[in-house]
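Residues per chain, in single letters:
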Amino acid sequence: TPMASHVADESTRRRGRRDGHTSSSGHSAPVSKSSNASNARTEETTSVVLCTSGYDHTIRYWDASTGQCYRTLQYPGSQVNALCVTPDKQYLAAVGNPHVRLFDINSNSVNPVTTYESHKGNITAVGFQQDGKWMFTSSEDMHIKIWDLR
């Protein structure tokens, strides 16, 4: 996708490589979405984290300054259709068919903190209200849902 190409091109330029290749391996299928967890806390320091998802049933966390993938999560049972980071940059919501999984960005756990299931079809979008108290999703089941996260 154009977004994935831009990210790879930008990180390649930063490292001074001219052959168009990055030193990290990416998704094995098309990238579906990306989300920025700017200033997320990693083990060593605070940095900009880019999260991507794809039709290969994975979510990847990238250090935006180096272009290195440092974490890969499996998303079993579905491709990932959309990602969104909470306003406080603590959680990553990933949506597929037909569930929402919320992951702790700063945790090493491969398991979601919680899973929301109520849609009857493929979920196509996810977002958060500015204060992070509400999450919203839309689905091919022709419903929009608002989730109370308080």
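To be clear, the structure that these remarks concern was listed above.
What this report covers is the structure whose coordinates are included nearby. Within each chain, residues carry numbers counting from 1 in the order of the written sequence. Totals for whole chains, interfaces and linings use all residues, but because this is a predicted model, local features are given only for residues with pLDDT of at least 70 and pairs of side-chain atoms are given and counted only at 80 or more. As a convention, hydrogens and water are excluded, and side-chain values are obtained from all of the structure's heavy atoms.

What follows covers the sheet that holds strand E8 (residues 114–117). Strands sit in the order E5-E6-E7-E8 across an open sheet of four strands; the sheet is antiparallel. One side of each edge strand has no neighbouring strand; the edge strands of this open sheet are strand E5 (82–85) and E8. Between one strand axis and the next, the sheet turns by 20° as a mean value, whatever way the strands run. Across four bridges, the pairing between strand E7 (residues 99–104) and E8 is antiparallel. Of the residues in E8, the one forming a bridge with Val100 is Tyr116. Pairing between strands is defined by DSSP: at least two bridges between them are needed. Here a helix means four or more residues in a row that DSSP labels H or I, a strand means two or more in a row labelled E, and each is numbered from the N terminus. Note on method: axes are straight lines fitted to C-alpha atoms, helices fitted across the in-contact stretch only, with angles between N-to-C directions ranging 0 to 180 degrees.

Each patch groups residues whose relative accessible area exceeds 30% and which form no salt bridge, using 9 Å between like charges and 5 Å between nonpolar side chains of Val, Leu, Ile, Met, Phe, Trp and Tyr. Areas reported as accessible are Shrake-Rupley estimates using a 1.4 Å probe. Residue values count occlusion only from the protein chains shown. By definition, a salt bridge exists where a carboxyl oxygen of Asp or Glu is found within 4 Å of a side-chain nitrogen of Lys or Arg. Taken together, the side chains of Trp134, Phe136 and Ile146 present a nonpolar region at the surface, about 320 Å² in accessible area. Structurally, Trp134 can be placed in strand E10 (residues 134–139). For Trp134, a relative accessible area of 32% translates into the label partly exposed. Three exposure classes are used, based on accessible area relative to the maximum for each residue type with a 1.4 Å probe and protein chains only: buried under 20%, partly exposed in between, and exposed over 50%.

With antiparallel pairing, three strands are arranged side by side in an open sheet as E9-E10-E11. Edge positions in the sheet fall to strand E9 (123–128) and strand E11 (144–148), since each of these pairs with one other strand and no more. Averaged over neighbouring strand pairs, the angle between their axes works out to 20° when direction is ignored. As defined by bridge partners, E10 adjoins E11 across five bridges and the pair is classed as antiparallel. Counterpart to Thr137 in the pairing with E11 is Lys145.

Turning to its location among the elements, Leu83 is positioned in strand E5. Taking the C-alpha atoms as reference points, Leu83 and Ala93, separated by ten residues in sequence, lie 5.6 Å from one another.

Quantified by volume, the second largest pocket comes out at close to 160 Å³. In this structure, the second largest pocket is lined by Thr86, Pro87, Asp88, Tyr91, Leu102, Val113, Thr114, Tyr116, Phe128, Asp131, Gly132 and Leu149. Charged residues are taken to be Asp, Glu, Lys and Arg, nonpolar residues to be Ala, Val, Leu, Ile, Met, Phe, Trp, Tyr, Cys and Pro, and polar residues to be all remaining types, Gly included. Partitioning the lining of the second largest pocket into residue classes produces seven nonpolar, three polar and two charged. Residues are said to line a cavity or pocket when one of their atoms sits within 4 Å of a point; the points come from a 1 Å grid over protein atoms alone, cavities being sets where a 1.4 Å probe fits but cannot get out and pockets being open sets with protein on both sides within 12 Å along at least five of seven lines. Grid points are joined across faces, edges and corners, and a volume is the space filled by probe spheres set on the points.

Our next topic: the pairing of E7. Of all six residues making up E7, five are buried, and the element is well covered by its neighbours. Alignment of strand E6 (residues 91–95) against E7, held across five bridges, turns out to be antiparallel. When the sheet's bridge partners are listed, Val95 is paired in E7 with Val100.

In this text, buried Ala, Val, Leu, Ile, Met, Phe, Trp, Tyr and Cys residues form a nonpolar core when linked through side-chain atoms within 4.5 Å. Counting 13 residues, the largest nonpolar core has Ile59, Tyr61, Leu83, Leu92, Ala94 and Phe103 as the members making the most contacts within it. Mapped onto this core, the elements with two or more residues apiece are strand E2 (46–54), strand E3 (58–63), E5 and E6. Whether two residues are in contact is decided by their heavy atoms, any of which lying within 4.5 Å being enough. Aside from chain neighbours lying at most four places away, what touches Ala94 is Ile59, Tyr75, Val80, Ala82, Leu83, His99, Val100, Arg101 and Phe103.

Our focus in this paragraph is the packing of aromatic side chains. The description of two aromatic rings rests on the distance between their centres and on the angle between their planes. Working definition: a ring pair exists when centres of Phe, Tyr or Trp rings (six-membered ring for Trp) sit within 6.5 Å. Plane angles under 30 degrees give stacked, over 60 give edge-to-face, the rest tilted. If you walk through the whole model with that rule in mind, you get two aromatic pairs. The criterion is that NZ of a Lys, or CZ of an Arg, lies within 6 Å of the ring centre and within 35 degrees of the ring normal, and then a charge sits over that ring. Positioned above the aromatic ring of Tyr61, the side-chain terminus of Arg71 is 4.6 Å from the ring centre. Positioned above the aromatic ring of Tyr75, the side-chain terminus of Arg101 is 4.3 Å from the ring centre.

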